[in-house]
Amino acid sequence: MKGAEARKETRRKVEQSLGRRRRKELSFRILGVGATALGVTFLLVFFASLIAQGASAFMQTYVSLDVEFSREHLVPDGEPDLQFGDFDALVRGALRAQFPDVTGRSERRELARLVSVGAAYQLRDALADKPELLGTRLAVFLPASSEVDMLFKGKIDRSLPEEQRRISDLQLEWTDRLVAEGRLERRFNRALFTNGDSREPELAGIRGALMGSFYMLLATILISFPIGTAAAVYLEEFAPRNRWSDLVEVNINNLAAVPSIVFGLLGLAVFINWAAIPRSSPLVGGLVLSLLTLPVIIIASRAAIKAVPPSIREAALGLGASKMQVVSHHVLPLALPGMLTGAIIGMSRALGESAPLLMIGMVAFIVDIPAGFTDPATALPVQIYLWADSPERAFAERTSAAIIVLLGFLLAMNLAAVIMRKRVERQW
Amino acid sequence: MAALRGTTRHAADRNKMALTTIVLILTGLAVAGYLAGARRAYASVGGPSNLRRLHSLPGYHGFFVAICCLLPALLVLLLWVVVEPRAVVVLVTQGLPEAARGLSEGELNLLINNIRNLAAGDVVSGQVDAMLTDAALRYTELSRLGRTLSAVLVFGIAVLGAVLAWRRIGTDFRARHKVESVVTGLLVAASSIAILTTIGIVASVLFEAIRFFREVPLTEFLFGLNWSPQTAIRADQVGSSGSFGAVPLFAGTLLITAIAMAVAAPVGLMTAIYLSEYAPPRVRDVAKPLLEVLAGIPTVVYGFFAALTVAPVIRSAGEAMGLAVASESALAAGLVMGIMIIPLVSSLSDDAIKAVPRAMRDGALGLGSTRSEAMLHVILPAALPGIVGGILLAVSRAIGETMIVVMAAGLAANLTANPFEAVTTVTVQIVTLLVGDQEFDSAKTLAAFALGLVLFVVTLCLNVLGLQFVRKYREQYE
């Protein structure tokens, strides 16, 4: 009887606690859902805000003006002169013709600021293409200045007092008149993809940074892929189990976790100061990034080599192949897709890296588009860092656009890696 | 001016061109060597029908000749490229008149630079006198001589190596063994790059740091409470000494790391628990890759987001609650960094949880515990070492993170524990001290390397410890 009593008591206690325990279970579960949702929500918010901010940068406002390619300004001494012709005067003249009521000196200067300083270059290029334009009148779409651009895109608050916005009341009025006449138009922002960096937001582009990143990644893959795969082959297939190979292994694992900025210090002290490789060049950037990605490539390549079943090695050895022949004829071809996947992942890490590049002088303001491994260059993430520091509103928009481009590249690389892995994944 | 520029390009390109040409010709020689070697191997046994009498396949003989042609020549070329510019400078300096050689090191460097620029046809700072022209002529002549000499030497060695190798080829020559041992040597060399990198890091950081500690005592650096590295140009200016007490930096780094870990550790751990224990497969298949995307976003993008989106939100929220928030608060940087680290913590915790034998979990559930009880009282304690290891790795990541703090945390070295104030970190200071043109001998620049040394040592310890935890624990159940 006593046992039954005790059992009942236990049962009662368990039932009593059951509600509490279920509530605890539920709240634990909710915590888990919340934590997962937090990460995912952040990601969504992040992408939404990025696209909301950056999408408009792919369009640029253009002003349609009737430009007269007047001989007076373009033919200073007898023959048309592309270098010294006063193309700015053409733009000013077109604006004055558009707003004949503006007469004061300072007002006219303000008026000229509606159009980008790049407009004159555009006119020069147009004339260089078609010399017969000289002396004619033509309706041309010229890039608007970044202030007009921001206003037209609705990113400037009109209700602010004049001194708190970057566009004056007069300019506001003129812009409204242009809008009323249908002379403002949004077009695809080609400058973003064809120009190098510039102090003027409407002329600034990522071409230079893209080319810099391209040369740097090319150097990185050329250095780190052969060395990384060779190291992986040695460690997996040849290395005797001794202190040396243990040391190498510990080193690789630790290097994978060393902060990237420390690699920048190494690059500054060794590659620039000691080996005298030109500062800011894609070559030195590529060297630093290849040291940075080497551990990633070695670890991925070792996994790929490990996945090749031993039976293949044994079969080849049994038929009389030497160890080296087994590796080069059988193991490497089978492991190559996996190694390439690792290389792509390493490259995508290198593409997003910026901290070590700050150390080796790739933060300079560089207008020219690099054309080789030793030209001064910058990289796409560093360009983002530089633009993010600029006070102009128009640069914030362009920074987001550059980030979208960068993320696009990263996404493409990772997708390529995933597809490659799926296609070559093989059940032995 | 334009014409001058043009010649500069030529002068710079000439060296590159010469180098490319030499390498191309070497490659051609190696190919020829390969063909000649293979052919001699065939000939030594009297044609392909008697191939069995050869010890190694003809291709190996070819490779042997190619390697003997290429390897020593390339080594000599590399040595030449490294040594030549220095040698030319030394020779030119010796040719300078007595007065010029007595200059200080800095002035001499300037002079050498001018000579080099003049020789390249570039713009020269200062007066071009007879001495400079003379030296520039000498420089050009020596460079040209060097180019010719290097070409002759390299090609000589290549041809010599190929011929010697070619003559050894015969029926009994074990070409395959030779080739394979060379390849093995190359593989060993590739694998020791990792060790060389570590040595390079330690050496470069340590040497400069030691130079720094000669000027600033170690104790002041480690325990000083005042950080203002701006050294004045003239000795009599205010604040000419600069002070290098790094405690505010350490405190700032710790503060931001603590905020980041306060976000990342619980969220990452709970995410791992939810995804491994509760989530239906379809949710897991969506959520896991999404969280991995979080890990793939470049840090500069997080920095932009922290500085331009999160910081203003925190600032206005703080103002609404009547708190004074700095525009570059530690909180913004820490929060965003925490989100960046979530995937790292969650994937390492996930590994640790998955490694706990299923029997333990099933046993707990069979005894009537709820899933959360099984998790909290059985699985997590068993997985704890792995989780701790993962968190240590995450801390090391947070300490070494650079771009987020450079963009979102400030430069002010405040010694504070208030997350709403601006603090600065070790990595931020390294970047600000080294970006821009610096001479390499000022305490300001060297301080960056001392900070780098501290950063490297601390993260190394955390990594070693973390990896040890993770690995030891994995072995326990295997």
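Residues numbered from 1 in each chain as written. Chains lettered and ligands numbered in written order. Predicted model: local features only at pLDDT ≥ 70, side-chain atom pairs only at ≥ 80, totals over all residues. Heavy atoms only, no water.

Chemist: How do you make sense of the overall build of chain A when you look at a structure like this?
Modeler: When helices and strands are counted, chain A shows 17 helices and three strands. Taking 428 residues into account, the globule formula puts the C-alpha radius of gyration at 22 Å, and chain A, at 32 Å, lies well above it. Overall size of chain A, expressed as C-alpha extent along the three principal axes, is 105 × 75 × 40 Å. The burial tally for chain A puts 50% of its 428 residues in the buried class. Of all intrachain contacts in chain A linking residues separated by at least 6 positions in sequence, the fraction that spans at least 24 positions is 76%. (Helix = DSSP H or I, 4+ residues; strand = E, 2+ residues; numbered from the N terminus. Rg over C-alpha atoms; globule rule 2.2 N^0.38 Å. Buried < 20%, exposed > 50% of the residue type's maximum accessible area, 1.4 Å probe, protein only. Contact = heavy atoms within 4.5 Å.)

Chemist: Just checking my understanding: could you explain the pattern of salt bridges for this structure?
Modeler: Pairs may arise between side chains of opposite charge once their charged atoms sit close together. All names here are of chain A. Scanning all chains against the criterion turns up 29 salt bridges over all chains. The salt bridge partner of glutamate 68 is arginine 137, with a shortest N-O separation of 3.6 Å. Of the two residues, glutamate 68 sits in strand β1 (residues 59-68) while arginine 137 sits in strand β2 (residues 137-143), which places them 69 residues apart along the sequence. When its relative accessible area of 39% is taken as the criterion, glutamate 68 is described as partly exposed. (Salt bridge = Lys/Arg side-chain N within 4 Å of Asp/Glu carboxyl O.)

Chemist: Can you walk me through the packing of aromatic side chains in this structure?
Modeler: We describe a pair of aromatic rings using the distance from one ring centre to the other and the angle between the two ring planes. Residues and elements named next belong to chain B. Counted according to the given criterion, the structure contains 22 aromatic pairs over all chains. An angle of 65° between the planes, with centres 5.1 Å apart, marks the rings of tyrosine 34 and phenylalanine 63 as edge-to-face. Of the two residues, tyrosine 34 is situated in helix α1 (residues 2-45) and phenylalanine 63 in helix α2 (residues 58-95); the sequence distance between them amounts to 29 residues. According to the relative accessible area criterion, phenylalanine 63 is partly exposed, its value standing at 43%. (Phe/Tyr/Trp six-rings, centres within 6.5 Å; stacked < 30°, edge-to-face > 60°.)

Chemist: Just checking my understanding: could you explain the interface of chain A and chain B for this structure?
Modeler: Interface extent is often summarised as the accessible area lost during association of the parts. In this assembly, 71 residues from chain A lie in contact with 78 residues from chain B. Taking both sides of the interface into account, the surface hidden between chain A and chain B amounts to around 6400 Å²; carbon and sulfur atoms contribute 76%. Taken together, the links from chain A to chain B amount to one salt bridge. Taking the shortest distance from any N to any O, the salt bridge between A:Arg21 and B:Glu373 comes out at 2.8 Å. Among the residues making up the side of chain A that touches chain B, the classes are represented as 50 nonpolar, 16 polar and five charged. (Buried area = accessible area lost by both parts, 1.4 Å probe. Nonpolar A, V, L, I, M, F, W, Y, C, P; charged D, E, K, R; others polar.)

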